[in-house]
Amino acid sequence: MSTRTLISPAQLARPRGKVLYWVTFAVVVGGFTLVFLGPLYWMVSSGFKDAQEVVRTPPTLVPGSFAPDNYTRAWEVMDLAKLLGNTLYYAFGALAFQLVLDVAAAYSLSKLRPVFGKAILGMMLATLMIPATVLVVPQYLTVLDVPVFERNLLNTPWAIWLPSVTNAFNIFLLKRFFDSIPRELLDAAQMDGASPMRTLRSIVLPISRPILGVVSIFAVVGVWKDFLWPMLTLPDPNKQTLNVGIYSLSNGVPVNVLIAALTIASLPTLLIFLVFQRNIMSGLTAGGLKG
């Protein structure tokens with residue numbers, strides 16, 4: 001059975017069809033490249049300009065004054081090493097909690113089939129419909145005075161870690177993947193005397209590396225790009241994340257140095273995407289078909 005496309009093979013074989021096809025292809029690819037890479041190029045190139053050239057109208061496409069020391073100044077003036085260390089600490093702490101608790105929740109819903117499991121999953125997914133800004137006030141009041149424990153978690157890593165633990169989207173992704181694991185494989189482990197925890201550790205987790213990689217990337221990037229919540233819960237300048245710290249120290253800093261700092265803050269997430277983009281796509285599609 002042949003696949004029907006917008007341009008038939010007969011039209012594409014003609015010289016006019018080939019020209020039309022490649023012109024359309026070049027325009028579409030060039031347009032998307034400009035839309036997605038244009039702002040990134042502007043940010044990186046503006047970090048090499050002097051303060052006058054950055055605010056010039058119309059803006060220059062190529063830096064007329066090449067000043068790479070702007071990035072060195074941004075690193076030193078804004079103490080990006082400390083802010084970067086804080087952000088990595090919060091991000092990988094949140095990752096550890098999510099991998100432990102979200103995997104346990106998804107495995108229970110998928111394979112252990114608890115009572116009211118579908119209702120629990122439905123309520124989890126319903127939370128995705130609630131705008132994040134609506135939850136800011138109740139979450140802040142909870143962190144300000146944790147019920148039962150009566151602890152103030154402001155300026156502590158727990159203020160970042162605890163709200164990110166139960167991520168409904170990650171639990172859904174993990175459950176979809178666990179659902180695709182053949183039940184016969186788990187039954188064989190059970191017949192060999194493996195407990196549910198041993199089955200999870202020895203069988204499920206080793207074959208779940210693609211989706212675990214996706215969840216890990218989402219967890220790290222989620223903490224890395226967050227701004228409002230760290231700004232509210234981490235008022236101490238020595239404990240702030242990268243985004244909040246740059247915002248707090250931006251007063252009095254030349255605009256070209258500020259843009260250089262923003263470029264440095266963006267590099268880790270861009271590198272994560274470029275390095276793991278194949279893993280992201282394979283992990284998202286791995287649970288789509290049952291083997």
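Residues numbered from 1 in each chain as written. Predicted model: local features only at pLDDT ≥ 70, side-chain atom pairs only at ≥ 80, totals over all residues. Heavy atoms only, no water.

1. Description of the packing of aromatic side chains
Two measures describe an aromatic ring pair: the distance that separates the ring centres and the angle between the ring planes. Taken as a whole, this structure holds 14 aromatic pairs when the rule is applied. Where Y89 meets W161, the ring centres are 5.4 Å apart and the plane angle is 65 degrees; that geometry is what we call edge-to-face. With Y89 in helix α5 (residues 80–112) and W161 in helix α8 (residues 158–165), this pair connects stretches of sequence that are 72 residues apart. Since its relative accessible area comes to 48%, Y89 is described here as partly exposed. (Phe/Tyr/Trp six-rings, centres within 6.5 Å; stacked < 30°, edge-to-face > 60°. Helix = DSSP H or I, 4+ residues; strand = E, 2+ residues; numbered from the N terminus. Buried < 20%, exposed > 50% of the residue type's maximum accessible area, 1.4 Å probe, protein only.)

2. Topic: the pattern of salt bridges
Using the criterion set out here, one finds three salt bridges in the structure. The partner of K82 in a salt bridge is D79, and the shortest N-O contact between them spans 3.6 Å. Relative accessible area serves as the criterion here: at 30%, K82 is assigned to the partly exposed category. Overall, the relative accessible area of 33% leaves D79 in the partly exposed class. Of the charged contacts in the structure, one is a salt bridge between D179 and K175, with a shortest N-O distance of 2.9 Å. Of this pair, D179 and K175 both sit in helix α9 (residues 168–179), four residues apart, which is roughly one turn of the helix. (Salt bridge = Lys/Arg side-chain N within 4 Å of Asp/Glu carboxyl O.)

3. A short note on helix α11 (residues 196–204)
Every buried residue of α11 is accounted for by T199, L200 and V204. One side of α11 holds all its buried residues, which, seen down the axis, span an arc of 100 degrees. Tucked inside the fold, the buried residues of α11 contact α5, α9 and α10 (183–191). (Arc of directions from axis to C-beta. Contact = heavy atoms within 4.5 Å.)

4. Remarks on a nonpolar patch on the surface
A grouping of L267, L270, L271, F273, L274, V275 and F276 is seen on the molecular surface, where their side chains present a nonpolar patch of about 650 Å² in accessible area. The topology assignment puts F273 in helix α15 (residues 255–286). Judged by relative accessible area, F273 falls into the partly exposed class, the value being 46%. (Patch = residues over 30% accessible without salt bridge, like charges linked within 9 Å, V, L, I, M, F, W, Y side chains within 5 Å. Areas by Shrake-Rupley, 256 points an atom, 1.4 Å probe, with all protein chains shown as cover.)

5. A word on unusual backbone geometry
Backbone torsion omega between T57 and P58 reads -5 degrees, so that peptide bond is classified as cis. Inspection of the secondary structure assignment puts P58 in the loop between α3 (51–54) and α4 (69–77). The backbone of D79 shows a phi angle near 50 degrees, a positive value even though the residue is not glycine. For D79, the position within the fold is in the loop between α4 and α5. Its identity as a non-glycine residue notwithstanding, E150 has a phi of 55 degrees, on the positive side.

6. What about the packing of α5 against α8?
Interhelical geometry of α5 versus α8 gives an angle of 30 degrees and a closest axis separation of 9 Å. Taken as a pair, α5 and α8 cross one another with a handedness that is right-handed. Where α5 approaches α8, its residues Y89, Y90, G93, A94, F97, Q98, L101 and D102 are matched on the opposing element by W158, I160, W161, S164 and V165. When grouped by side-chain class, the residues that make up the contact of α5 with α8 number nine nonpolar, three polar and one charged. (Axes fitted to C-alpha atoms, helices over the stretch in contact; angles between N-to-C directions. Left-handed = near helix turned anticlockwise from the far one by under 90°. Nonpolar A, V, L, I, M, F, W, Y, C, P; charged D, E, K, R; others polar.)

7. Comments concerning the confidence of the model for the chain
For the chain, per-residue confidence averages 86 on the pLDDT scale, and residues scoring 70 or more make up 91% of the total. By mean pLDDT, helix α1 (residues 9–13) is the weakest element of the chain at 68, and helix α13 (residues 228–233) is the strongest at 94. (pLDDT = per-residue confidence, 0-100.)

8. Things to note about the side chain of S110
In this fold, S110 is placed in helix α5. Among residues more than four places away in sequence, those in contact with S110 are K175, F178 and D179.

9. Focus on the nonpolar core
Formed by 18 residues in total, the largest nonpolar core has its most connected members in V103, L174, F178, V204 and I211. Elements supplying a minimum of two residues to this core: α5, α9, α11 and α12 (209–225). Of the residues forming this core, the biggest block, five residues, is contributed by α9. Sequence-distant contacts of V204, that is, excluding residues within four places in its chain, are made with Y107, F178, I181, L186 and T199. Listed in part, the 16 residues of the second largest apolar core include Y90, V143, A159 and W161. (Core = buried A, V, L, I, M, F, W, Y, C linked by side-chain atoms within 4.5 Å.)

10. A short note on the packing of α5 against α9
Between α5 and α9, the shortest axis-to-axis distance is 8 Å and the interhelical angle comes to 50 degrees. One way to sum up the angle between α5 and α9 is to call them oblique. Between α5 and α9 the crossing geometry is right-handed. Between α5, through Q98, D102, V103, A105, A106, Y107, L109, S110 and K111, and α9, the contact on the second element is made entirely by N170, I171, L174, K175, F178 and D179. Along the lines of polarity and charge, the residues of the contact of α5 with α9 split into eight nonpolar, three polar and four charged. (Parallel < 35°, antiparallel > 145°, perpendicular 65-115°, else oblique.)

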